[in-house]
Structures are given as structure tokens and as C-alpha cells.
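Per-entry structural report
One-letter residues, chain by chain:
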Amino acid sequence: DTAVSQTPKYLVTQMGNDKSIKCEQNLGHDTMYWYKQDSKKFLKIMFSYNNKELIINETVPNRFSPKSPDKAHLNLHINSLELGDSAVYFCASSQGAGGSIVSEQFFGPGTRLTVL
Amino acid sequence: GQQVMQIPQYQHVQEGEDFTTYCNSSTTLSNIQWYKQRPGGHPVFLIQLVKSGEVKKQKRLTFQFGEAIKNSSLHITATQTTDVGTYFCAVDNTNAGKSTFGDGTTLTVKP
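Residues numbered from 1 in each chain as written. Chains lettered and ligands numbered in written order. Predicted model: local features only at pLDDT ≥ 70, side-chain atom pairs only at ≥ 80, totals over all residues. Heavy atoms only, no water.

The interface of chain A with chain B comprises 22 residues on the first partner and 22 residues on the second. In this assembly, chain A packs against chain B so that about 1,900 Å² is buried in total across both faces, 53% of it on carbon and sulfur atoms. Remark: the boundary between chain A and chain B carries one salt bridge. Its salt-bridge partner being Asp103(B), residue Lys44(A) comes within 3.8 Å of it at the nearest N-O pair. Those elements giving two or more residues to the side of chain A that touches chain B turn out to be β4 (31-37) and β5 (43-50) of chain A. (Contact = heavy atoms within 4.5 Å. Buried area = accessible area lost by both parts, 1.4 Å probe. Salt bridge = Lys/Arg side-chain N within 4 Å of Asp/Glu carboxyl O. Helix = DSSP H or I, 4+ residues; strand = E, 2+ residues; numbered from the N terminus.)

This is the structure:
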């Protein structure tokens, strides 16, 4: 069984479109994250949710809106896609609550987004 | 904010040679984690260090946390082609549930 899964694996779309990426974890973890990895492989945190509550929101354009319907799911919706949004987006999860030391993070397989 | 520098950015070695990557923070750390990302893959957790001067080993990999808890190293003895990938450190000095990843060191191993 896959611990952290993401769909879709690949996403190719035109500038200006709106798209969503879904993430699910079956580890029973309290905390989930979205990371963006650019072409230079730099890995930057975007958002963190703990028990469906937003606890970290880095300086991400408000075109990006995460949604956590329950603690096993964290989806990412992106409006008005731009060329610079092209990257690999990783979902991750970990045990533990916000305000504590981050424990081992389990990453999903990634979603490669290409904006044309 | 938290700054973490990882060096070198790239390392090319002949199979059998040793490899070391370093992670340096501008502030003291509560813990540090190391991850490995194979080409085309996702980051996979290797280890977490929490104590000053801590040294942990996993087969040919040796992880060390500096005495001043501001830096760490990952050393691979006698590299193999299966070691190729990008090694990231991730630091947390805020206890606020946020890890900052280093820029990674990409290792290539020539057979």
C-alpha cells in the first residue's frame, strides 16, 4: 500500500488555466505539507496543515489555495497558472503537531506540472 | 529567517571513492534530518540527529551533528553506483513544525 499518494503524476496545461493536485496519506499522520521543487532541485515548503488546520503558509501567491477536507487529505488548487509555476510538487506527511519538532517526513511520488 | 547552506552543490566521484556533504546553519538547531532523492524519485528520509556531537552510522553512511549544533555532515565510504542521487539536509530551529531544506548535494558515481 502506498503511504503517501498524489494524483496526477503528470500535468501539462496552458497558461491561465486552473488545476488541482490531490494528496492522500494512509499513515495516520497529523501533519501534511506541500513542497515545490524547481528545475534546480531546490525544495521549498509552501504550506503545512495539522489536523486540517493551516499552520504554515510561506510567501506563496494567493493563486495557490490548499484545502484539507480531513487529516488524511491535502489538496492544492492553483488558479491562473503561470509559466513560473512549472515544477514538481511534492506532498508529504509527518507525525506530530504544529509547534513541535518536525519528525520524519514521508513524501509522495510528486506531480510534475508543466505550464505551456 | 532560518538559513541553511549545503556544500558542495555537485560532486562527481569514481566508484569506490568517499563522499562527504556538509550542512551549515546560521543559527543553532534543535534537530537535523537527512534525505536522499534518487533521480526521478522523491525525497526519502535517512536519519534524524538531535544531540550535540551525535554520530550515527547506517552501513557505509556516517552522519554527524556538530558540537555547536549548527552544522552536520553526511559521509559515504567507498561509494557505489546505487549511491547516486541528491542528498538534502533539513533543519528545524524554531520548534514550529517547519523544516527548511538545504539546496542539496547531487552525487554522481562513475563506475
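Glancing now at the state of the cysteines. Taken as a whole, this structure holds two disulfides over all chains when the rule is applied. The partner cysteine of Cys23(A) in its disulfide is Cys91(A), sulfur to sulfur 1.9 Å. Its S-S torsion of approximately -75 degrees makes the covalent link between Cys23(A) and Cys91(A) left-handed. With a gap of 68 residues between them, Cys23(A) in strand β3 (residues 19-25) and Cys91(A) in strand β9 (residues 87-94) connect regions that are remote in the sequence. Residue class for Cys23(A) comes out buried when judged on its relative accessible area of 2%. Across a sulfur-sulfur distance of 2.0 Å, Cys23(B) and Cys89(B) are joined as a disulfide pair. Across the S-S bond linking Cys23(B) and Cys89(B), the dihedral sits near 70 degrees, which makes this disulfide right-handed. Residue Cys23(B) is located in strand β3 (residues 19-25), and its partner Cys89(B) is located in strand β9 (residues 85-92); the two are separated by 66 residues in the primary sequence. The exposure classification of Cys23(B) matches that of Cys89(B), with both residues buried. (Disulfide = S-S within 2.5 Å. Buried < 20%, exposed > 50% of the residue type's maximum accessible area, 1.4 Å probe, protein only.)

Attention now goes to the sheet that holds strand β7 (residues 61-65) of chain B. Residues and elements named next belong to chain B. Pairing within the open sheet is antiparallel, and its five strands lie in the order β1-β3-β8-β7-β6. Every interior strand has two partners, whereas the edge strands, β1 (4-7) and β6 (55-58), have only one. Recorded for the sheet is a direction-independent mean angle of 15 degrees between the axes of neighbouring strands. (Pairing = 2+ DSSP bridges. Axes fitted to C-alpha atoms, helices over the stretch in contact; angles between N-to-C directions.)

Residues and elements named next belong to chain A. Here we have four strands laid out as an open sheet, ordered β1-β3-β8-β7, and antiparallel in their pairing. A strand with exactly one partner marks an edge of an open sheet, and here the two such strands are β1 (4-7) and β7 (64-70). Ignoring strand direction, the axes of neighbouring strands in this sheet form an average angle of 20 degrees. Taken together, the five bridges between β7 and strand β8 (residues 73-78) define a ladder with antiparallel strand orientation. Within β8, the residue paired with Pro66 across the bridge is Leu76.

A few words on the pairing of β8(A). Residues and elements named next belong to chain A. Only one face of β8 is covered, namely the face carrying Leu74, Leu76 and Ile78; the face carrying His73, Asn75 and His77 is uncovered. Note: β3 against β8, four bridges, orientation antiparallel. When the bridges of β8 are listed, Ser20 appears paired with His77. Between β7 and β8, which pair antiparallel in sequence order, lie two residues.

On average, residues of chain B score 92 in pLDDT, and 94% of them are at 70 or above. Per-element confidence in chain B ranges from a low mean pLDDT of 90 for strand β10 (residues 100-101) of chain B to a high of 98 for strand β11 (residues 105-110) of chain B. (pLDDT = per-residue confidence, 0-100.)

Cis geometry marks the peptide bond from Thr7(A) to Pro8(A); its omega dihedral reads -5 degrees. Inspection of the secondary structure assignment puts Pro8(A) in the loop between β1 and β2 (10-13). A positive phi angle, near 45 degrees, is found at Ser80(A), a position not held by glycine. Following the sequence through the fold, Ser80(A) ends up in the loop between β8 and β9. Notably, Ala78(B) is not glycine yet its phi reads approximately 50 degrees, a positive angle. Along the chain, Ala78(B) turns up in the loop between β8 (71-76) and β9. For Ala78(B), a relative accessible area of 31% puts it in the partly exposed group.

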